[in-house]
Amino acid sequence: MQLAARLAQIQPFHVMSILERAKRLEQDGHDIIHLEIGEPDFPTPAPIVAAAQSALSRGETFYTAAMGLPALREAIAGWYRDSYRHEVDPARICVTPGASGALLIALALLAEPGRSVLLPDPTYPCNRHLVSLLDAEPVSVPVDAASRYQLSAADIDAHWREDSVAAMIASPANPTGTLITPDALADLHRAVAARAGTLIVDEIYHGLTYGCDAPTALAQSDDIFVINSFSKYFQMTGWRLGWLVVPDAYIAATERLMQNLFLAAPTLSQHAALAAFAPETVAGLELRRSEFARRRDALLATLAPLGFRFPAIPEGAFYLYADVSALTDDSFAFARDLLEQAHVAVAPGRDFSLHDAERYVRLAYTCDTARLAEAGRRIAGFVDRRN
């Protein structure tokens, strides 16, 4: 077998070994509480499912235009207008197969051999892996709670290289759930633009914020690439649908890439997503957002007395990034033992970080409060037995 050399830079999700073991334990009759995978337990909202059923009955199963259904691009533009009071030309919106497709398009427009992209560490691992897939170099910049685990203008000053072409952040972020402040985002954008670079902002957890709102990076400048998705707030994970907002100068190149890489995003999913912005859909999603806030607060209150430390309280997404260095010097072994002994699955820090990964685990509060309470009891017993 001859495998392309770039594959050496693309590591597997370590959490998948946790998940695989958890599934085997379930097959053996054990009750496993899943806090390892970032997929909520809520089903896709009923109006979205009904829209898909209606489209299927009408025979809407053919390719759409490469950039997406015009009606959906208009609807996304309307979402920016209504939610952010910001006007976006629908021509700049590309509907993609998930946010991963959007990220691949954005990076394919910018990254190539001999170029590098700056990313915070910790970050979602696919971000750096897709940079490597394009034979560019991901530059992982260690960040901490002082910047709420976000890249800063000072990081750009310290780590930007002659071959750097872009910097990428997520707000809210995975795995930390933190947001970048508008002032910090403005400073970051100025620092990148001053070096003729491009800023990419992942906003796929927008809508899932607690006690605050997240303004879109598009309000800063039209030269920022913004990624979003129907998976998280709209809870359409398996429908594989996202979008990318590109600067005007990149529209034609984006369309060429979509034509050649994907032809188009899934047609049925696009028709379903037309109902995502309907008032009745959003009303239900807002109730779910309130439930996520209750889950976050309950899990924080449960874990903090057990020795889990939270240097930055998450303001969004549905993750807690916990410092467990008071409990272990090997978070992967901690996650493995927690699964084996307490039947609670969490993600080890090594999936997200190349720096201090052994200190952290990520917990996803994607199951109901009763299950989270049971997880807390099991974790407490596990910690007590280790002491």
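The structure we're discussing is the one just above.
Cut-offs used in this document
- Each chain carries its own residue numbering, running from 1 in the written order of its sequence.
- Reporting in this predicted model follows two pLDDT cut-offs: at least 70 for local features of residues, and 80 or more for side-chain atom pairs to be given and counted; totals over whole chains, interfaces and linings ignore these cut-offs and use all residues.
- Hydrogens and waters are ignored; side-chain quantities use all the structure's heavy atoms.
- Secondary structure follows DSSP: runs of H or I at least 4 residues long count as helices, runs of E at least 2 residues long count as strands, and numbering of each begins at the N terminus.
- The globule rule is 2.2 Å times the number of residues to the power 0.38, and the radius of gyration it is compared with is taken over C-alpha atoms.
- Accessibility here uses a 1.4 Å probe with only protein chains present; expressed as a share of the type maximum, an area under 20% marks a residue as buried, one over 50% as exposed, and anything in between as partly exposed.
- It only takes one pair of heavy atoms within 4.5 Å for two residues to be counted as in contact.
- Calculation of accessible area relied on Shrake-Rupley with a 1.4 Å probe; when residues are assessed, cover is drawn exclusively from the protein chains displayed.
- Strand pairing is assigned whenever DSSP detects at least two bridges linking the two strands.
- For helices, the fitted line uses only the C-alpha atoms of the stretch in contact; every axis is such a line through C-alpha atoms, and the angle between N-to-C directions lies from 0 to 180 degrees.
- In protein, a polar contact requires one atom able to donate a hydrogen and another able to accept it; more generally it is a pair of N or O atoms within 3.5 Å, and residues adjacent in sequence count only if both atoms are side-chain atoms.
- To estimate how far a helix should reach, multiply one less than its number of residues by 1.5 Å.
- Throughout this description, the term nonpolar core refers to a set of buried Ala, Val, Leu, Ile, Met, Phe, Trp, Tyr and Cys residues connected via side-chain atoms within 4.5 Å.

Moving on, we come to the overall build of the protein. Along its length, the protein carries 12 helices and 12 strands. By the compact-globule yardstick of 21 Å for 387 residues, the protein fits well, its C-alpha radius of gyration being 21 Å. Over its C-alpha atoms, taken along the principal directions, the protein stretches across nearly 60 × 55 × 50 Å. Every one of the 387 residues in the protein was classed for burial, and the buried ones make up 56%. Put simply, of all contacts in the protein between residues at least 6 apart along the chain, 73% involve residues at least 24 apart. Carbon and sulfur atoms make up 52% of the accessible area of the protein, which totals about 15,900 Å².

So, on to the sheet that holds strand β6 (residues 198–202). Read across the sheet, 7 strands follow the order β2-β8-β7-β6-β5-β3-β4 without closing on themselves; strand pairing throughout is mixed. Two strands bound the open sheet, and with one partner strand each, they are β2 (93–96) and β4 (137–142). Between one strand axis and the next, the sheet turns through 20 degrees on average, direction left out of account. As judged from the 5 bridges shared by strand β5 (residues 164–170) and β6, these two strands associate in the parallel manner. What sits directly across from A170, in β6, is D202. Contacting β3 (116–121), β4 and β5, helix α5 (residues 125–133) crosses the sheet at an angle of about 150 degrees to β4.

All right, on to the side chain of T44 then. By the secondary structure assignment, T44 is in the loop between β1 (33–34) and α2 (46–57). Relative accessible area serves as the criterion here: at 18%, T44 is assigned to the buried category. A distance of 2.9 Å separates the side chain of T44 from the backbone oxygen of Q235, its partner in a polar contact. Of note is the side chain of T44, whose polar atom sits 2.9 Å from the side chain of W239. Setting aside its immediate chain neighbours within four residues, T44 contacts V49, Q235, M236 and W239.

Another point: the side chain of S171. Within the secondary structure layout, S171 lies in the loop between β5 and α7 (182–193). The residues touching S171, leaving out its near neighbours within four places in the chain, are Q150, T178, L179, I180, D202, E203 and H206.

Moving on to the environment of Q150. If you trace the backbone, Q150 turns up in the loop between β4 and α6 (153–159). Since its relative accessible area comes to 2%, Q150 is described here as buried. Sequence separation of Q150 and A253 is 103 residues, and the distance between their C-alpha atoms is 29 Å. When residues no more than four places from it in sequence are discounted, the contact partners of Q150 are V143, D155, I169, A170, S171, A173, T178, L179 and I180. Polar side-chain contacts of Q150 include one of 3.0 Å to the backbone oxygen of A170.

On to helix α11 (residues 331–342). With 12 residues, α11 extends 15 Å from end C-alpha to end C-alpha; this agrees with the ideal 16 Å at 1.5 Å per step. The inward-facing, buried residues of α11 contact α1 (15–27), β10 (344–345), β11 (347–348), β12 (360–364) and α12 (369–386). A distance of 3.1 Å separates the backbone nitrogen of F332 from a side-chain oxygen at the start of α11, and that oxygen is part of D330. Within two residues after α11, H343 carries a phi angle of roughly 60 degrees, on the positive side.

For the rest of this paragraph, the subject is the nonpolar core. Where a protein is soluble and globular, its nonpolar side chains tend to be buried together. Residues F230, F234, F308 and L363 are the most contacted members of the largest nonpolar core, which totals 127 residues. At 9 residues, helix α4 (residues 98–110) tops the list of elements feeding residues into this core.

Most of strand β7 (residues 225–229) is tucked away: 5 of the 5 residues are buried. Alternating residues of β7 divide into F225, I227 and S229 and V226 and N228, and every residue in both groups is buried. By the bridge criterion, 3 bridges tie β6 to β7 in an arrangement that is parallel. Paired with V201 across the strands is V226, a residue of β7. As paired strands, β7 and strand β8 (residues 242–245) are joined by 4 bridges and run antiparallel to one another.

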